[in-house]
Amino acid sequence: MDDIDRGLLALLLADATQSYAALGKAVGLSAGAAHERVRKLRERGVIRRTTIEVDPAALGLGVLAHVLVDSNAWMGDPPTKEALLALPAVEEAHIVAGPASLLLKVRTARTEELQSVLRQIHAVEGVTSTSTVVVLETFFDRPPNPAASTLAAEAD
């Protein structure tokens, strides 16, 4: 990945609806060349999907919590994964190293609903306990920085 690819990624992260002509102009390429670069980024899996960003509060989902899950089983196996995928309030699930087995990102409308989701998480086979942190305010939430890979390489 070169600086042009990183520039295209930064532009797409800011606004994925931009035309290939606008993208190309911004990085010094023709529309066709920009389209080809973006196609190759998709093929290589660098761009996984194109989507929109929705304001959770506008949907009435004002409670955000991060839940650490302790377990007595490997949490990445299909029964656990399927059980967590069945809970719409669980937005992300990460197997982690450290004081817990799993880290979940949970979003609900009210704390009562969060409590219900926590009960459902406790019912998942292998879960022994949870520890929940409720987010009071998010002062920034940003996507990955395409330039970060360059900065990391330069630091080595």
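Whatever comes next refers back to the structure up there.
Everything numeric here is computed off the predicted structure, so don't read it as measured data. (Residues numbered from 1 in each chain as written. Predicted model: local features only at pLDDT ≥ 70, side-chain atom pairs only at ≥ 80, totals over all residues. Heavy atoms only, no water.)

(A) Expanded view of the nonpolar core. Judged by nonpolar contacts, the single largest core of 18 residues is most densely connected at Val69, Leu84, Leu104, Val106 and Ile121. With near-sequence residues (within four places) excluded, valine 69 lies in contact with Ala100, Ser101, Leu102, Leu104, Ile121, Val127, Ser129 and Thr130. In this structure, Leu8, Leu9, Val27 and Ala34 belong to the second largest nonpolar core, which totals nine residues. (Core = buried A, V, L, I, M, F, W, Y, C linked by side-chain atoms within 4.5 Å. Buried < 20%, exposed > 50% of the residue type's maximum accessible area, 1.4 Å probe, protein only. Contact = heavy atoms within 4.5 Å.)

(B) Representation of the pairing of strand S1 (residues 63-71). Of the pairings in the sheet, the one linking S1 to strand S3 (residues 102-108) comprises seven bridges and is antiparallel in character. Residue pairing for S3: valine 69 is matched across the bridge by leucine 102. Across eight bridges, S1 lies against strand S4 (residues 127-135) in antiparallel orientation. Across the sheet, the residue bridging to histidine 66 is valine 133, located in S4. (Pairing = 2+ DSSP bridges. Helix = DSSP H or I, 4+ residues; strand = E, 2+ residues; numbered from the N terminus.)

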